[in-house]
Amino acid sequence: MESAEPDLSRYFEVAHVANRCAVLTGAGVSAESGMPTFRGEQGLWKEYRPEELATPEAFQRNPELVWEWYEYRRGMLEGIQPNEGHRALASAEQFFEEFTLITQNIDGLHQAAGSTDVVELHGNIRRDRCHDCGAGRGEEEAMECTCGGLFRPDVVWFGESLPPQAISMAFSAAQSADLLFSVGTSTMVYPAAQLPYLAKDAGAFVVEVNPEPTPFTPLADLAVRGPSGQWLPRLLDPLGSPAGGGNS
Ligand SMILES: [Zn+2]
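Bear in mind the structure is a predicted one, so any value in this text is a computation, not a measurement.

**A short note on the overall build of the protein chain**
Turning to step 1, where the next piece is worked out: When its secondary structure is counted, the protein chain shows 10 helices and 8 strands.
Turning to step 2, where the next piece is worked out: Whereas a compact globule of 248 residues would reach a radius of gyration of roughly 18 Å, the protein chain reaches 19 Å, a difference of no more than 12%.
Turning to step 3, where the next piece is worked out: Projected onto its principal axes, the C-alpha coordinates of the protein chain cover approximately 55 × 35 × 30 Å.
Turning to step 4, where the next piece is worked out: Taking all 248 residues of the protein chain together, 35% fall into the buried category.
Turning to step 5, where the next piece is worked out: Considering only intrachain contacts with a sequence separation of at least 6, the fraction spanning at least 24 residues in the protein chain is 67%.

So this is what it looks like as structure tokens:
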């Protein structure tokens, strides 16, 4: 494991001329904002495992219970703010001809930081949709959709498929990127895990930002260890000024 300061000069050479940038973010980015993981939690919900509540079966069995859990989780989101890493990614949109932000997180913190067109692989806990027909739910609407189905949080549950459109956008962005960042993710969960490999195979310069090494680390063109809230501003902010960058 490297301990010395990584050499960023090659990275900045590539990043300054890159046209198509793709970014994949995972749980680590949210954790830095203080987002709880909902594992081994306290109080009311400690007797349940997420696998018992975040499933279509649980919702069919007891929609009230599942909703109660999501209301509790939404409540916990309220004090949580985007961090410097989220903000650096939001600004970086304008530095590239094409910029695709792909996230495994469901908390909407990228949008809260100002990112637009976020590709959400696992949905968004702040939105609802109909369990049967998929229709979105307006602010004031009843719990039941006009089709007769029940509204539910718009997240991907255990045993459900990921939204095909999000997957296809993520794959296509990874395959056409000149520069890809894999941030705060273990690169072990499909399909997100494939994205850095796809980008690398297609010739992209791939940067990994994560506190720990991952299975992808040996293939990364640049791997930096530490919080994304520190590294992303350092790697992305200089791209906003033509003379910026360098190994500083
Ligand atoms: Zn419906």
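**Things to note about helix 6 (residues 84-92)**
Turning to step 1, where the next piece is worked out: Counted residue by residue, helix 6 has 7 buried out of 9 residues, so it is predominantly covered.
Turning to step 2, where the next piece is worked out: Where helix 6 is concerned, the buried positions are Gly85, His86, Arg87, Ala88, Leu89, Ala90 and Ala92.
Turning to step 3, where the next piece is worked out: Next to the buried residues of helix 6 lie strand 1 (20-25), helix 2 (27-31), strand 2 (98-103), helix 7 (109-112) and helix 10 (228-236).

**As for the confidence of the model for the protein chain**
Turning to step 1, where the next piece is worked out: Here the protein chain averages 91 in pLDDT, and 92% of its residues register 70 or above.
Turning to step 2, where the next piece is worked out: This model gives residues 244-248 a pLDDT under 50, and the stretch forms 11 contacts once residues within four places in sequence are excluded.

**Regarding the nonpolar core**
Turning to step 1, where the next piece is worked out: Counting 44 residues, the largest nonpolar core has Ala22, Val23, Ile102, Ala174, Ala177, Leu180 and Ala199 as its most contacted members.
Turning to step 2, where the next piece is worked out: For leucine 180, the contacting residues outside a window of four places in its chain are Ala22, Ala174, Pro196, Ala199, Ala204 and Val206.
Turning to step 3, where the next piece is worked out: By size, the runner-up hydrophobic cluster in this structure holds 5 residues, among which are Leu53, Phe59, Val66 and Trp69.

**Observations concerning the environment of glutamate 52**
Turning to step 1, where the next piece is worked out: One can find glutamate 52 in helix 3 (residues 50-53).
Turning to step 2, where the next piece is worked out: Each C-alpha atom, one on glutamate 52 and one on proline 233, is 38 Å from the other, the two residues being 181 residues apart in sequence.

**Comments concerning the packing of helix 6 against helix 10**
Turning to step 1, where the next piece is worked out: Two elements in contact, helix 6 and helix 10, have axes separated by 7 Å at closest approach and are oriented at 25 degrees. The angle between helix 6 and helix 10 falls in the class roughly parallel. Crossing geometry of helix 6 relative to helix 10 is assigned as left-handed. Contacts between helix 6 and helix 10 pair Glu84, Gly85, Ala88, Leu89, Ser91 and Ala92 from the former with Ser228, Gly229, Leu232, Pro233 and Leu236 from the latter.

**Observations regarding the packing of helix 8 (residues 164-176) against helix 9 (residues 194-201)**
Turning to step 1, where the next piece is worked out: Viewed as axis vectors pointing N to C, helix 8 and helix 9 meet at an angle of 35 degrees, and their least axial separation amounts to 7 Å. At the point where helix 8 passes helix 9, the crossing takes the right-handed sense. On helix 9, the residues touching Ala170, Phe171, Ala174 and Gln175 of helix 8 are Leu195, Leu198 and Ala199.
Turning to step 2, where the next piece is worked out: Of the residues belonging to the contact of helix 8 with helix 9, the class tally is 6 nonpolar, 1 polar and no charged.

**What about the sheet that holds strand 3 (residues 119-120)?**
Turning to step 1, where the next piece is worked out: Overall, parallel pairing links the 6 strands, which are arranged 3-2-1-6-7-8 in an open sheet. Of all strands in the sheet, those bounded by a partner on one side alone are strand 3 and strand 8 (222-224).
Turning to step 2, where the next piece is worked out: Bridging between strand 1 and strand 6 (residues 179-183) involves 5 bridges; their strand directions are parallel. Its bridge partner being in strand 6, leucine 24 is matched across the sheet by serine 182.

**Structural notes on the pairing of strand 6**
Turning to step 1, where the next piece is worked out: Of all 5 residues that make up strand 6, 5 are buried, and the element is covered over most of its length.
Turning to step 2, where the next piece is worked out: Residues Leu179, Phe181 and Val183 of strand 6 are buried on one face, and the alternating residues Leu180 and Ser182, pointing to the opposite face, are buried as well.
Turning to step 3, where the next piece is worked out: In terms of strand pairing, strand 6 meets strand 7 (residues 205-209) through 5 bridges, oriented parallel. Looking across to strand 7, one finds that valine 183 is bridged to valine 209.
Turning to step 4, where the next piece is worked out: Considered for its hand, the β-α-β crossover made up of strand 6, helix 9 and strand 7 is right-handed.

**Some thoughts on helix 5 (residues 63-77)**
Turning to step 1, where the next piece is worked out: If you check helix 5, its first and last C-alpha atoms are 21 Å apart, about what 15 residues at 1.5 Å a residue would give, namely 21 Å.
Turning to step 2, where the next piece is worked out: Looking only at helix 5, the buried set comprises Val66, Trp69 and Arg73. End-on, the buried residues of helix 5 take up no more than an arc of 60 degrees, which puts them together on one face. In helix 5, the exposed positions that point more than 90 degrees away from the buried face belong to Glu64, Glu71 and Gly75.
Turning to step 3, where the next piece is worked out: Elements in contact with the buried residues of helix 5: helix 3, helix 4 (56-61) and strand 4 (123-130).

Rules used throughout
- Residues numbered from 1 in each chain as written.
- Predicted model: local features only at pLDDT ≥ 70, side-chain atom pairs only at ≥ 80, totals over all residues.
- Helix = DSSP H or I, 4+ residues; strand = E, 2+ residues; numbered from the N terminus.
- Rg over C-alpha atoms; globule rule 2.2 N^0.38 Å.
- Buried ≥ 20, exposed ≤ 12 C-beta atoms within 10 Å, placed from the backbone.
- Contact = placed C-beta atoms within 7 Å.
- pLDDT = per-residue confidence, 0-100.
- Core = buried A, V, L, I, M, F, W, Y, C linked by C-beta atoms within 7 Å.
- Axes fitted to C-alpha atoms, helices over the stretch in contact; angles between N-to-C directions.
- Parallel < 35°, antiparallel > 145°, perpendicular 65-115°, else oblique.
- Left-handed = near helix turned anticlockwise from the far one by under 90°.
- Nonpolar A, V, L, I, M, F, W, Y, C, P; charged D, E, K, R; others polar.
- Pairing = 2+ DSSP bridges.
- Right-handed = clockwise from strand over helix to strand, strands pointing away.
- Expected span 1.5 Å × (residues − 1).
- Arc of directions from axis to C-beta.

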